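Chains, contacts and geometry: an overview
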Amino acid sequence: MSIVIGGLAQFFLYAVAAFAAQNAVFGRSLGITSIVQMVEDPGRDSALFCLLLTLVQLLCAPLCWAANLAMASLSLRTVLRPLAFFVISALVMGLVLVVFRQAVKGPRGEKIARTLGPATFNTCVLGTLLICAVQNFNLAQYLGFALGSGAGYFASVLLVTEGQRKIDRRSVPASFRGMPVMLIYIGILALAVYGFTGHGLAI
Amino acid sequence: MNSEKAKYLAENMELRSRTDRLWLNNPVIMQGLGLAPLVVAATTGRNALILALAVALLLTPTRLAGSLLGSVLPRRFAIFYYAGVACLLYIPIYYVCLDVFGVAIRQVGIYLPLLVIDQLIIRRYTREKPERPLRALRRGVATTVGYCIVLLLVGFGREFLALGTLLEEPVLSVRLFPLAADPAGGFLLVGAVCAGWRGCIRWYKKHVNMEAKRGV
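These figures come from a predicted structure and were not determined experimentally.

1. Focus on the overall build of chain A
Counting its secondary structure elements, chain A contains eight helices and zero strands. Its helices and strands taken in sequence order, chain A reads α-α-α-α-α-α-α-α from the N to the C terminus. What you see for chain A is a C-alpha radius of gyration of 18 Å, in line with the 17 Å of a compact globule of 203 residues. Along the first, second and third principal axes, the C-alpha atoms of chain A reach 55 × 50 × 35 Å.

2. Notes on the overall build of chain B
If you tally the helices and strands in chain B, you get eight helices and two strands. Along chain B, helices and strands appear, N-terminal first, in the series α-α-α-α-α-α-α-β-β-α. Seen through its principal axes, chain B has C-alpha atoms that stretch 60 × 55 × 25 Å. Contacts spanning at least 24 positions in sequence make up 74% of the contacts within chain B whose residues lie at least 6 apart.

3. Thoughts on the interface of chain A and chain B
Across the contact, 36 residues belong to chain A and 38 residues belong to chain B. Elements represented by at least two residues in the side of chain A that touches chain B include exactly α2 (32-40), α4 (77-103), α6 (123-134) and α8 (179-197) of chain A. No other element matches α8 of chain A, which puts nine residues into the side of chain A that touches chain B. Looking at the side of chain A that touches chain B, its residues break down into 24 nonpolar, 10 polar and two charged.

4. A few points about the packing of helix α3 (residues 46-70) of chain A against α6 of chain A
What describes two packed helices is the angle between their axes and the distance between those same axes. Residues and elements named next belong to chain A. Contact geometry for α3 and α6: axes closest at 10 Å, N-to-C directions at 35°. The interaxial crossing formed by α3 with α6 has right-handed handedness. Across from Leu53, Val56, Gln57, Cys60, Ala61, Cys64 and Asn68 in α3, the residues of α6 making contact are Cys124, Val125, Thr128, Leu129 and Ala133. Within the contact of α3 with α6, the residues separate by chemical class into nine nonpolar, three polar and no charged.

5. Here's the deal with the nonpolar core
Membership of the largest hydrophobic core comes to 120 residues, with the highest contact counts inside it found for Leu129 of chain A together with Leu51, Leu58, Ala83, Ala86 and Leu151 of chain B. Counting residues per element, this core draws most heavily on helix α5 (residues 78-101) of chain B, at 12 residues. Look past the residues within four positions of Leu51 of chain B in its chain and what remains in contact with it is Pro37, Ala41, Ala42, Val108, Tyr111 and Leu151 of chain B.

6. Points about the packing of helix α7 (residues 139-166) of chain A against α8 of chain A
Residues and elements named next belong to chain A. At their nearest, the axes of α7 and α8 sit 10 Å apart, and the two run at 125° to each other. Considering the angle they form, α7 stands oblique to α8. The element α7 and its partner α8 pack so that their crossing is right-handed. Residues Leu159, Val160, Gly163 and Gln164 of α7 form the contact with α8, whose participating residues are Met182, Tyr185, Ile186 and Leu189. A per-class count over the contact of α7 with α8 returns six nonpolar, two polar and no charged.

7. Some remarks on the confidence of the model for chain B
Residue and element names in this part refer to chain B. Of the residues in chain B, 99% reach a pLDDT of 70 or more, and the chain-wide mean stands at 92. Confidence, read as mean pLDDT per element, is least for helix α1 (residues 3-11) in chain B (83) and greatest for helix α4 (residues 45-70) (96). Predicted as a complex, the structure gets a pTM of 0.94 and an ipTM equal to 0.93.

8. Some points on the environment of Gly27 of chain A
The residue Gly27 of chain A is located in the loop between α1 (2-19) and α2 in this model. Sequence spacing of Gly27 of chain A and Met1 of chain A is 26 residues, and the spatial spacing of their C-alpha atoms is 35 Å. Setting aside residues no more than four positions away along its own chain, Gly27 of chain A makes contact with Gln22, Val193 and Leu201 of chain A together with Pro183 of chain B.

9. Thoughts on unusual backbone geometry
Leaving glycine aside, a negative phi is the common case for residues, and trans is the common case for peptide bonds. Notably, Ser29 of chain A is not glycine yet its phi reads approximately 60°, a positive angle. When you line up the elements, Ser29 of chain A lands in the loop between α1 and α2. With a phi close to 70°, Glu168 of chain B is a non-glycine residue in the positive phi region. If you trace the backbone, Glu168 of chain B turns up in the loop between β1 (165-166) and β2 (169-170).

10. Some words on the environment of Arg165 of chain A
One can find Arg165 of chain A in helix α7. The class of Arg165 of chain A is exposed, set by 9 C-beta atoms lying within 10 Å.

Conventions we followed
The numbers attached to residues start from 1 for each chain and follow its sequence in the written order. Chains and ligands are labelled sequentially in the order written, the chains with letters from A and the ligands with numbers from 1. Only residues with pLDDT of at least 70 are given local features in this predicted model, and only at 80 or more are side-chain atom pairs given and counted; all residues enter the totals for whole chains, interfaces and linings. Strands are runs of DSSP state E lasting at least two residues, helices are runs of H or I lasting at least four, and both sets are numbered from the N terminus onward. Put simply, the radius of gyration uses C-alpha atoms, and a globule should come to 2.2 Å times the residue count raised to 0.38. In this description, a residue-residue contact is defined by the distance between C-beta atoms placed from the backbone, which must lie within 7 Å. Residues are sorted three ways: Asp, Glu, Lys and Arg are charged, Ala, Val, Leu, Ile, Met, Phe, Trp, Tyr, Cys and Pro are nonpolar, and all the rest, Gly among them, are polar. Simply put, an axis is a line fit to the C-alpha atoms, just over the touching stretch for a helix, and the angle between two N-to-C directions goes from 0 to 180 degrees. Handedness of a helix crossing follows the sense of rotation of the near helix relative to the far helix, less than a right angle counterclockwise being left-handed and clockwise being right-handed. The term nonpolar core refers to a group of buried residues, namely Ala, Val, Leu, Ile, Met, Phe, Trp, Tyr and Cys, whose C-beta atoms join them within 7 Å. Three exposure classes are used, based on other C-beta atoms lying within 10 Å of a residue's own C-beta, which is placed from the backbone: buried for 20 or more, exposed for 12 or fewer, and partly exposed in between. Angles below 35 degrees are treated as roughly parallel, those above 145 as roughly antiparallel, those between 65 and 115 as roughly perpendicular, and all remaining angles as oblique. Confidence of the predictor at the level of single residues is given by pLDDT, which spans 0 to 100.

This is the structure we're talking about:
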């Protein structure tokens, strides 16, 4: 019983840490290129992208944990990890695609299929899984960190999108409009997260 | 600048704005590619050199292999063969980086293996048609050079501002901007570099157009 409670406690602790103090975007700049593209292209469905990213990340977590455990005795594990995690991500993406194809038909299904690729092969997904592997997390920590990281990514996308919408474009100098002012805005938010944690994160 | 040259440049500005990967359409400044390693890992000149070497060895071969595989494999699998090739190439590249820089490559942490999935390396999969191998080679080299210029500028700049050193050699006795060593400072600095670069491009385009009009 105590093992289950301990596991749940670790799961929630790591989920909260990944969501706030170790936020993927503000702390480690993971998936930042996708955010820039999403904010600059309002036609993209950022909620769907983040939902798929979190789902893939969460499904990959136990498989990557098992793969990392299996490779623990190999001297080549550092160089094989990206390849192993890529194969796992590809398999999970295939599985998610099959399930969604069955469940969602028509244009919505096509949109999911189009979004799934960029949401899977993204620095946020691989980065989160690599952090878990490098820091030798256990299964509960893996799952908690993956869920928290995905939720934190979604919160970051909302914050950045809202910030970009509120910035008065006329008062921003021409050279700063678009990506430069967005990066400076993210930098200020990252500074707030840094002030909250008080130390830099391990990379 | 003479008016003939200005007229030629003004007429071809749109094409050049799309194809010039070094200056007018730099992958970082104009497209926001490869920002993750730039903001977090490129905190010193040495880290920037490690990442630059890895990008130089990874980007063009991946793009070239993607182009060759694209002519025989269905386009819907493009993401798999682009990322798969990058993951396979990462294995020898890791050892090359280890041989050149030693254990210092640990300072860039997960951002070295993360390059295999970065949009800077695999972005080409989003296009509907595969590019020709020669074009992939030419564009790959140009994108690599464009990215590495910004990477080295930011890496050395951050080391100078945060630590007052260049390649660990003391240059200043004061730390001008210690925050530059952190991701928050990285975002601020990269944002400022982007704004400055874009400002220069705006000035250049305006100058060329004015010179061309003066000639007419």
